[in-house]
Amino acid sequence: DLIPSVVVLVATVRALKMHGGGPKVTAGTPLDPVYSEENLDLLREGTKNMLHHIAIAKKYGVPVVVAVNRFFTDTDAELELVRKVAVEEGGAYAAVISNHWEEGGAGAVDLAKAVVEAAEQPAGFNFLYPLDWSIKQKIEVISKEIYGADGVDYSPEAEKRIEEYTRL
C-alpha cells in the first residue's frame, strides 16, 4: 500500500545539452568545450527532454521537484534557464539548484526542503491503468501515454512470452 508522494527528477546542464543535440561524449576522450562553456541555445533545445519527463511524471498525480545538479562548469544563466523552464513551462512544483557535488550534504539542504514541502501537498496518485488489466492492455497504454505510439505490434516471440506470463 505504499504510494509515492513526490517525484524527484534529476537534471544536469551537461545531460540537457546532450539531449539538445550536443556532440557525442565518449569515455576516455576529451570533453567537447560545448559542455563546459555557456551555450543557452543548445541547453534550451535539451530542456524539451526534461519537459517530456515532467509531463510523464505529472500523469501519476503527484508533484514533481526537479533537482538541478550543479557542477563547476555550469553558469548561473544556464542553471536559471533550467530552473525557470521546469517550473514555468513544465509545471514542476519546484526546481532547485543542488550543489552537493561541491558542498556535500549542505549543498542539498534546499532540495531536501523542497521535496518535503512537495510531499506534504495534496496529491492523488494514480496508475496509468487499472492493475487488473491484461499485460497487452498495460503495454498499449504505456506505449501511447509515455512514448506517443499509435499502437503496438508484437513479434511471435513476444506473443508467446505474454501468453506465458499471463498463464503464470
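Each chain has its residues counted from 1, following the order in which its sequence is written. Reporting of local features is limited, given that this is a predicted model, to residues whose pLDDT is at least 70; pairs of side-chain atoms are given and counted only at 80 or more, and all residues count toward the totals for whole chains, interfaces and linings. Side-chain measures here rest on the full set of heavy atoms in the structure, leaving out hydrogens and waters.

*Asks:* Explanation requested: the pattern of salt bridges in the structure shown.
*Replies:* A side chain with one charge can pair with a side chain of the opposite charge if their charged atoms come near. In the sections that follow, a salt bridge refers to a side-chain nitrogen of Lys or Arg positioned within 4 Å of a carboxyl oxygen of Asp or Glu. This model, assessed by the stated rule, comprises nine salt bridges. Glu 145 is the salt-bridge partner of Lys 59, the closest N and O atoms lying 2.7 Å from each other. On the criterion of sequence distance, the pair formed by Lys 59 in the loop between helix H2 (40-58) and strand E2 (64-69) and Glu 145 in helix H6 (residues 135-145) is long-range, its members being 86 residues apart. Glu 145 gets classed as partly exposed once you look at its relative accessible area, which sits at 38%. Its salt-bridge partner being Asp 76, residue Arg 70 comes within 2.8 Å of it at the nearest N-O pair. Counting from the N terminus, the helices are DSSP H or I runs at least four residues long and the strands are E runs at least two residues long. Only protein chains enter the calculation, and the probe is 1.4 Å; a residue is then buried if its accessible area is under 20% of its type maximum, exposed if over 50%, and partly exposed in between.

*Asks:* Sorry if this is basic, but what is going on with the packing of H2 against helix H3 (residues 76-89) here?
*Replies:* Think of two packed helices as two axes; the pair is described by the angle between the axes and how far apart they sit. With axes taken as lines fitted to C-alpha atoms, and helix axes fitted only over the stretch in contact, angles between N-to-C directions fall between 0 and 180 degrees. H3 packs onto H2 with a crossing angle of 35° between their chain directions and a minimal axis gap of 10 Å. Once H2 is placed against H3, the crossing between them reads as right-handed. The residues of H3 that touch H2, namely those facing Leu 40, Leu 43, Arg 44, Thr 47, Met 50, Leu 51 and Ile 54, are Ala 77, Glu 78, Leu 81, Val 82, Val 85, Ala 86 and Glu 89. Across the contact of H2 with H3, the residue classes break down as ten nonpolar, one polar and three charged. Two helices that cross are described as forming a left-handed crossing if the nearer one is turned anticlockwise from the farther one by less than a right angle, and a right-handed crossing if clockwise. Throughout, a residue-residue contact means that at least one pair of heavy atoms, one from each residue, lies within 4.5 Å. Any residue that is not Ala, Val, Leu, Ile, Met, Phe, Trp, Tyr, Cys, Pro, Asp, Glu, Lys or Arg is counted as polar, Gly included; the first ten are nonpolar and the last four charged.

*Asks:* Any chance you could explain a nonpolar patch on the surface here in plain terms?
*Replies:* The patch calculation keeps residues exceeding 30% relative accessible area without a salt bridge and links them within 9 Å when they carry like charges or within 5 Å when they are nonpolar (Val, Leu, Ile, Met, Phe, Trp, Tyr). Only the protein chains shown count as cover for residues, with accessible areas throughout obtained via the Shrake-Rupley method and a probe of 1.4 Å. A grouping of Met 18, Val 25 and Leu 31 is seen on the molecular surface, where their side chains present a nonpolar patch of about 210 Å² in accessible area. Secondary-structure assignment places Leu 31 in the loop between helix H1 (13-19) and H2.

*Asks:* Help me understand the sheet that holds strand E3 (residues 94-98) in this model?
*Replies:* Sheet strands line up and pair through hydrogen bonds in the backbone, either parallel or antiparallel. The strand order E1-E2-E3 describes an open sheet built from three strands, whose pairing is parallel. Bordering the open sheet on either side are strand E1 (7-12) and E3, each of which pairs with just one other strand. On average, adjacent strands in this sheet sit at an angle of 25° to one another, irrespective of strand direction. Judged from the six bridges that link them, E1 and E2 form a sheet pairing that is parallel. The partner of Thr 12 across the bridge, within E2, is Asn 69. Two strands are counted as paired when DSSP detects at least two bridges linking them.

*Asks:* How should I be thinking about the packing of H6 against helix H7 (residues 156-167) in this particular structure?
*Replies:* Taken N-terminus to C-terminus, the directions of H6 and H7 make an angle of 125°; their axes are 10 Å apart at the nearest point. On the basis of their axis angle, the class for H6 and H7 is oblique. Across the interface between the two elements, Ile 135, Lys 136 and Ile 139 from H6 touch Glu 159, Ile 162, Tyr 165 and Thr 166 from H7. Here the residues of the contact of H6 with H7 are counted per class, giving four nonpolar, one polar and two charged. Every angle not falling under 35 degrees, over 145, or within 65 to 115 is termed oblique; those three ranges are roughly parallel, roughly antiparallel and roughly perpendicular.

*Asks:* I would appreciate a short explanation of the environment of Val 85 in the present structure.
*Replies:* Note that Val 85 resides in helix H3. Residue classification places Val 85 among the buried positions, given a relative accessible area of 2%. Beyond its immediate sequence surroundings of up to four residues, Val 85 is in contact with Arg 44, Thr 47, Met 50, Leu 51 and Gly 90.

*Asks:* Explain H3 here, please?
*Replies:* At 3.6 residues per turn, the α-helix brings residues three or four places apart onto the same side. Helix span, expected: 1.5 Å multiplied by one less than the number of residues in the helix. In this model H3 runs 19 Å from its N-terminal to its C-terminal C-alpha over 14 residues, within 8% of the 20 Å that 1.5 Å per residue would give. Among the residues making up H3, those that are buried are Glu 78, Leu 79, Leu 81, Val 82, Val 85 and Ala 86. Looking straight down H3, one finds that the buried residues subtend no more than 160° of arc, so they occupy a single side. Seen from the buried face of H3, the exposed residues on the opposite side, beyond 90 degrees, are Asp 76 and Glu 88. Those residues of H3 that are buried are in contact with H1, H2, E2 and E3. Gly 91 lies just past H3 and shows a positive phi near 75°. Each C-beta atom gives one direction from the helix axis, and the arc is the one those directions make.

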